[in-house]
Amino acid sequence: MGLHGDPDDYGLPKVDIVVPDDARELDRDVLAYRRELRQKRRRERWQRLARPFTRYGIAAPFIASAVLVALISGVLMTVVSPRPVNHAVQVPPTGAVRHRPGDPGGALPSGTLVVNGRTMPVDTLINVAGVVLIVPRDCRCDAAVTHVAQQAVSQGVQTWVIADGRTGKDADDVRRLADTVPRGDAIPAEDPERVLSTAFRAAGLTAVLVRPDKIVREIVRGVQPNRNLAPDLQALHTPS
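Owing to the predicted nature of the structure, the values given are computational and were not obtained by experimental measurement.

Novice: Before we go on, may I ask you to explain the pairing of strand β2 (residues 118-121) in this structure?
Specialist: The two faces of the sheet receive side chains in turn, since in a regular strand these alternate between them. Examined bridge by bridge, strand β1 (residues 112-115) and β2 share four bridges and lie antiparallel to one another. Residue Val115 lies in a different strand from β2, and its bridge partner there is Arg118. Where β1 folds back onto β2 in an antiparallel hairpin, the turn is made up of two residues, including Asn116, whose phi is positive at roughly 55°.

Novice: Can you walk me through the state of the cysteines in this structure?
Specialist: A covalent bond bridging the sulfur atoms of two cysteines is what the word disulfide describes. Following the criterion strictly, the structure yields one disulfide and no others. Across a sulfur-sulfur distance of 1.9 Å, Cys139 and Cys141 are joined as a disulfide pair. Taking the torsion about the sulfur-sulfur bond, which here is approximately 125°, the covalent link between Cys139 and Cys141 counts as right-handed. According to the relative accessible area criterion, Cys139 is partly exposed, its value standing at 21%.

Novice: What am I meant to see in unusual backbone geometry here?
Specialist: Note: most residues except glycine have negative phi, and most peptide bonds are trans. Even without being glycine, Asn116 reaches a positive phi, approximately 55°. Structurally, Asn116 is set in the loop between β1 and β2.

Novice: Any chance you could explain helix α4 (residues 142-154) here in plain terms?
Specialist: One full turn of an α-helix is made of 3.6 residues, so residues set three or four places apart face in the same direction. An ideal rise of 1.5 Å per residue puts 18 Å on 13 residues; α4 measures up with 18 Å between its terminal C-alpha atoms. Along α4, the positions that sit buried rather than exposed are Ala144, Val145, Val148, Ala149, Gln151, Ala152 and Val153. With its phi angle positive at about 70°, Gly156 sits one or two positions after the end of α4.

Novice: Help me out: how do you make sense of the pairing of strand β7 (residues 216-220) in this one?
Specialist: For strand β6 (residues 206-210) and β7, the ladder comprises four bridges, and the chain directions are antiparallel. Paired with Ala207 across the two strands is Val220, which belongs to β7. Hairpin connection of β6 to β7: five residues between the antiparallel strands, including Lys214 at a positive phi of 65°.

Novice: Explain the pattern of salt bridges here, please?
Specialist: A side chain with one charge may pair with a side chain of the opposite charge, provided their charged atoms come close. Going through the model one piece at a time under the given rule, you end up with ten salt bridges. For Asp173, the salt bridge identified is with Arg166, shortest N-O distance 2.9 Å. Among the residues examined, Arg166 registers a relative accessible area of 2% and is labelled buried. One salt bridge in this structure joins Arg211 and Asp213, with 2.6 Å as the shortest N-O distance. Residue Asp213 is classed as partly exposed on the basis of its relative accessible area, which comes to 45%. A cluster of three or more residues bridged by salt bridges with shared partners is formed by Arg100, Asp103 and Arg201.

Novice: How do you make sense of the nonpolar core when you look at a structure like this?
Specialist: One recurring pattern in soluble globular proteins is that nonpolar side chains are buried together. Among the nonpolar cores identified, the biggest contains 28 residues, and Val131, Val135, Val145, Leu205, Ala207 and Leu233 are the most heavily contacted of them. Of all the secondary-structure elements, those providing two or more residues to this core are β3 (130-135), α4, β4 (158-164), α5 (172-179) and β6. No other element matches α4, which puts six residues into this core. Apart from residues lying up to four places away in sequence, Val131 is in contact with Val148, Ala152, Gln158, Thr159, Trp160, Ala207, Val208, Leu209 and Leu233. Grouped together as the second largest cluster of nonpolar side chains are 19 residues, Met120, Ile134, Ile162 and Phe200 included.

Novice: Just checking my understanding: could you explain α5 for this structure?
Specialist: Those residues of α5 that fall on the buried side of the exposure criterion are Val174, Leu177 and Ala178. Burial along α5 is one-sided: seen end-on, the buried residues are contained in an arc of 100°. Structurally, α5 contributes buried residues whose contacts are with β3, α4, β4 and β5 (186-191).

Novice: Whenever I open this one, the environment of Gln224 confuses me. Can you help?
Specialist: Within the secondary structure, Gln224 is located in the loop between β7 and α7 (230-234). Residue Gln224 is classed as partly exposed on the basis of its relative accessible area of 46%. Along the primary structure Gln224 and Thr206 are separated by 18 residues, whereas in three dimensions their C-alpha atoms are 9.7 Å apart.

Novice: Even after reading the chapter, I still don't get the side chain of Asp164, so can you show me in this structure?
Specialist: Within the secondary structure layout, Asp164 lies in strand β4. The class for Asp164 is buried, based on a relative accessible area of 6%. Asp164 has contacts with Ile134, Val135, Pro136, Arg137, Asp191, Arg194 and Ser197, leaving out every residue within four places of it along the chain.

Basis of the calculations
Every chain is numbered on its own, with residues counted from 1 as its sequence reads. In keeping with the predicted nature of the model, local features appear solely for residues at pLDDT of at least 70, side-chain atom pairs appear and are counted solely at 80 or more, and the whole-chain, interface and lining totals rest on all residues. Derived side-chain values reflect all non-hydrogen atoms in the structure, with water molecules and hydrogen atoms excluded from consideration. Two strands make a pair as long as DSSP finds a minimum of two bridges between them. Under the scheme used here, helices are H or I runs from DSSP no shorter than 4 residues and strands are E runs no shorter than 2 residues, and both carry numbers assigned from the N terminus. The criterion for a disulfide is a pair of cysteine sulfur atoms lying within 2.5 Å. Relative accessible area decides the class of each residue, using a 1.4 Å probe on protein chains only: under 20% of the type maximum gives buried, over 50% gives exposed, and in between gives partly exposed. Expected helix span is taken as 1.5 Å per residue step, with the number of steps being one fewer than the number of residues. We count a salt bridge whenever a side-chain nitrogen from Lys or Arg sits within 4 Å of a carboxyl oxygen from Asp or Glu. We define the nonpolar core as a collection of buried residues of types Ala, Val, Leu, Ile, Met, Phe, Trp, Tyr and Cys that are connected through side-chain atoms lying within 4.5 Å of one another. Pairs of residues are marked as contacts when any of their non-hydrogen atoms sit within 4.5 Å. The arc in question is formed by the directions pointing from the helix axis toward the C-beta atoms.

This is how it looks when you write it as structure tokens:
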């Protein structure tokens, strides 16, 4: 080794190296070196763990926190919020409303009646505006039949007196009732199969008001002798 800063025999610069006499004197240096290595490894581990967050800058942790909060809030709202009630939307029907035969607004029922021993379809016999009186058995409604028939005559509409479920001699009382109507404007008919009383759900003396187009305008059940049907019979002349 050269002296006074001069290069040594191999041309290398001067280095001050102190070689201790006892190797135990190097223990503190070895411990410090090892401590530095441990610290370096810890720093490298933390850098590997934080690399996904630091890749996108400092905003990455905040973005991850916001996503986590949104997920938790969505789960809580799904569990806690009340279930929506399914309200069915009522859609009004399109087109004209069709009524079944025998109902107000509906056509006359299909079937046959007996007039003077001759069978006729219902819509052939009842073919003008008027009132159909369905007379049940043991009605004892002579006064009511006569009163309604007189009102029909005064309003210029036809009257039919129907023997409900009777025919032949059994229907003589109905024919007699028809004969009491002034000017003979009531037509008696027999309904042995109870076509009309079944269709119109007759109860007691039942009056069925029919328009000129053979459409039922109104059904009046349990007609009493003092029942005033004149306004309803007059309305049959008015187009609906």
